[in-house]
Amino acid sequence: MSEDLWSLHAPIDPDLSLPQAATGSVTVIIPTFNEAGNIIELLRRLGDALPDPEQLPCTVLFVDDSTDDTPAVIEKAAADHPFPVSVLHRETAEGGLGGAVVAGLARADTDWIVVMDADLQHPPHLVPELVGEGERTGADLVVASRYTSGGSRAGLAGGYRIAVSRGATWLAKGLFPRALRGISDPMSGFFAMRRSAVTAGALAPLGYKILLELAVRCRPAKVAEVPFVFQDRYCGESKSTAREGMRFLAHLASLRSATPLARLAGFGLIGLSGFVPNLAALWLLTRGGMHYLPAEIVANQAGVLWNFLLIETLLFRDRRRHRHWADRIGRFGLLANADLLLRIPLIALFVARFGMEVLPATALALATTFVLRFAATESLVYLPRTSRRAGRHTRS
Ligand code: GDD
Ligand code: MN
């Protein structure tokens with residue numbers, strides 16, 4: 001709820017444009033979650049790496065969600081640091097690592113933003129090089145890449161993590177070939193971006209992949225890369241978990257379904273996948289001796305629940321706040337079953353009149369009604385109730 005920004009050295013006031021925002025000024029944003037053991041070494045190496053403030057004014061901004069004493073350690077270490085260092089501590093870690101970076105972006109008022117991890121897996125000496133490469137080439141985004149010649153993933157522990165990272169890169173590039181053109185390492189968390197190319201309002205990050213979010217939603221006009229060797233973690237442990245993998249998939253889905261046509265396609269695919277629980281339940285129930293018509297009604301609920309869960313997590317994740325979940329599932333269930341009301345006579349017609357088997361008749365009837373259902377679901381379940389009453393509902 002409350003964000004508390006305490007500043008060391010020069011204060012960063014979000015309401016003031018920084019007077020020293022000269023050309024080439026840089027804010028280094030460092031998200032931290034329980035990284036107390038890395039701070040002193042990180043600031044020491046950053047101090048060595050960053051050039052003379054006359055040449056390139058730099059500010060270090062930690063965005064911290066720690067439950068340990070990381071903020072206090074930063075405060076202490078910052079006292080004899082040659083650059084302004086501040087900490088934005090968040091009480092709730094909304095959006096995880098990505099949310100922290102966006103909170104930092106909102107505070108930053110320099111020409112360049114550099115995002116890097118606190119655990120020294122990202123070599124601090126590359127910070128000036130990233131910005132320099134951007135100035136030289138006119139790029140809006142400069143990515144430190146493990147997968148361009150001269151780079152390596154040396155510090156990525158174990159074959160499993162390497163395979164996952166490679167698979168995730170491949171998946172992201174396959175889903176966003178245009179937005180990620182020229183980015184060999186979209187999973188990298190180390191990059192420089194021009195502040196003017198960031199439209200922070202458009203960002204809805206979810207978990208770790210903030211570069212992916214920025215590249216896809218802000219579409220920087222020109223991209224450059226600098227190779228880097230991913231180092232071993234200096235101290236502590238990775239905060240990434242299996243749950244982060246699920247968040248990554250949900251993040252990809254929400255980025256991919258940002259247009260109505262893509263949402264319709266997603267709705268169709270999810271609807272298709274719902275055939276499986278629906279038909280499986282129908283098979284079980286008719287096997288168990290139930291007449292196929294009541295069995296259709298019961299089996300439909302399995303498909304409805306399945307679809308609801310997938311649609312909630314993959315398709316309309318950003319739009320759930322307009323209604324309470326009980327309201328959403330109620331409306332969703334009503335629509336889906338109203339659809340069944342239409343479908344039952346259709347199925348009966350296929351079976352009784354045209355002599356079709358129950359399963360193909362059901363599949364055909366399901367397929368005929370989905371566009372209607374999509375339109376109704378989007379407008380009746382997930383759109384804001386009214387566009388005028390801004391007071392009670394935040395608009396997306
Ligand atoms: N503020 C905040 N909130 N910081 C966080 C959170 C959070 O919820 N979760 C993690 N961090 C910080 C960590 O403290 C660290 O500074 C940085 O984000 C990266 O976290 P790690 O836990 O070290 O991530 P990793 O090493 O598994 O992942 C790294 O490699 C990936 C590519 O393989 C990161 O660089 C990722 O950004 C990168 O995608
Ligand atoms: Mn790390």
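A short tour of the structure in this document, coming up. As the structure is a prediction and not an experimental result, all values here were calculated from the model. (Residues numbered from 1 in each chain as written. Chains lettered and ligands numbered in written order. Predicted model: local features only at pLDDT ≥ 70, side-chain atom pairs only at ≥ 80, totals over all residues. Heavy atoms only, no water.)

Moving on, we get to the coordination of the manganese ion (ligand 2). Donor atoms from the polypeptide that coordinate the manganese ion (ligand 2) comprise Asp 119 (OD) and Gln 121 (OE1), at 2.0 Å from the metal. In terms of burial, Asp 119 and Gln 121 fall into one category: buried. (Donors = N, O, S within 2.8 Å, 3.2 Å for Na, K, Ca; no water. Buried < 20%, exposed > 50% of the residue type's maximum accessible area, 1.4 Å probe, protein only.)

Here helix H3 (residues 96-107) is twelve residues long and its end C-alpha atoms lie 17 Å apart, about the 16 Å a rise of 1.5 Å per residue gives. Among the twelve residues of H3, ten are classified as buried, and the element is accordingly described as predominantly covered. Residues of H3 that are buried: Gly 96, Gly 98, Gly 99, Ala 100, Val 101, Val 102, Ala 103, Gly 104, Leu 105 and Arg 107. (Helix = DSSP H or I, 4+ residues; strand = E, 2+ residues; numbered from the N terminus. Expected span 1.5 Å × (residues − 1).)

So, about the packing of aromatic side chains. Under the counting rule described, the total for this entry stands at six aromatic pairs. Seen from their ring centres, Phe 190 and Phe 228 are 5.7 Å apart, and the 85° between their planes marks the pair as edge-to-face. On the criterion of sequence distance, the pair formed by Phe 190 in the loop between helix H5 (158-175) and strand S7 (191-194) and Phe 228 in the loop between strand S8 (223-227) and helix H7 (242-256) is long-range, its members being 38 residues apart. Residue classification places Phe 228 among the buried positions, given a relative accessible area of 2%. Here the aromatic rings of Phe 316 and Tyr 382 are separated by 4.2 Å at their centres, their planes lie at 10°, and the arrangement is stacked. Of the two residues, Phe 316 is situated in the loop between helix H9 (292-315) and helix H10 (325-353) and Tyr 382 in helix H12 (residues 370-382); the sequence distance between them amounts to 66 residues. (Phe/Tyr/Trp six-rings, centres within 6.5 Å; stacked < 30°, edge-to-face > 60°.)

Quick look at the packing of H10 against helix H11 (residues 358-368) now. Axis separation between H10 and H11 bottoms out at 9 Å; the angle between their running directions is 140°. In this view, H10 runs oblique relative to H11, as classed from their interaxial angle. Where H10 crosses over H11, the two elements pack in a sense that is right-handed. Counted together, Arg 343, Leu 346, Ile 347, Phe 350 and Val 351 of H10 and Val 358, Ala 361, Thr 362, Leu 364, Ala 365, Leu 366 and Thr 368 of H11 form the full contact between these two elements. Classifying every residue of the contact of H10 with H11 gives nine nonpolar, two polar and one charged. (Axes fitted to C-alpha atoms, helices over the stretch in contact; angles between N-to-C directions. Parallel < 35°, antiparallel > 145°, perpendicular 65-115°, else oblique. Left-handed = near helix turned anticlockwise from the far one by under 90°. Contact = heavy atoms within 4.5 Å. Nonpolar A, V, L, I, M, F, W, Y, C, P; charged D, E, K, R; others polar.)

Turning next to the pattern of salt bridges. Here the idea is simple: oppositely charged side chains can pair when their charged atoms come close. As enumerated under the stated definition, the model contains 19 salt bridges in all. For the salt bridge of Glu 244 with Arg 247, the shortest nitrogen-to-oxygen distance reads 3.2 Å. A residue pair is termed a helical-turn pair when its members lie 3 or 4 positions apart in one helix, as Glu 244 and Arg 247 do in helix H7 at three residues. In this structure, the salt-bridge partner of Arg 323 is Asp 327, at a minimum N-O distance of 3.3 Å. You can call Arg 323 buried: its relative accessible area is 10%. Residue class for Asp 327 comes out partly exposed when judged on its relative accessible area of 27%. (Salt bridge = Lys/Arg side-chain N within 4 Å of Asp/Glu carboxyl O.)

Most of strand S2 (residues 26-32) sits out of view: seven of its seven residues are buried. Across seven bridges, S2 lies against strand S3 (residues 58-64) in parallel orientation. Counted as the bridge partner of Thr 27 is Thr 59 from S3. For the handedness criterion, the β-α-β arrangement of S2, helix H1 (residues 39-49) and S3 is classed as right-handed. Bridge count between S2 and strand S5 (residues 112-115): four bridges; the pairing is parallel. (Pairing = 2+ DSSP bridges. Right-handed = clockwise from strand over helix to strand, strands pointing away.)

Counting 38 residues, the largest nonpolar core has Ile 30, Leu 46, Phe 62, Val 114 and Phe 190 as its most contacted members. Contacts of Val 114, omitting those with residues within four sequence positions, involve Val 26, Thr 27, Val 28, Ile 29, Val 127, Leu 130, Val 131, Phe 190, Phe 191 and Ala 192. Counting residues in hydrophobic clusters, the runner-up holds 36 residues, among them Leu 211, Leu 212, Leu 214 and Leu 255. (Core = buried A, V, L, I, M, F, W, Y, C linked by side-chain atoms within 4.5 Å.)

Any functional reading would require information that these geometric values do not contain.
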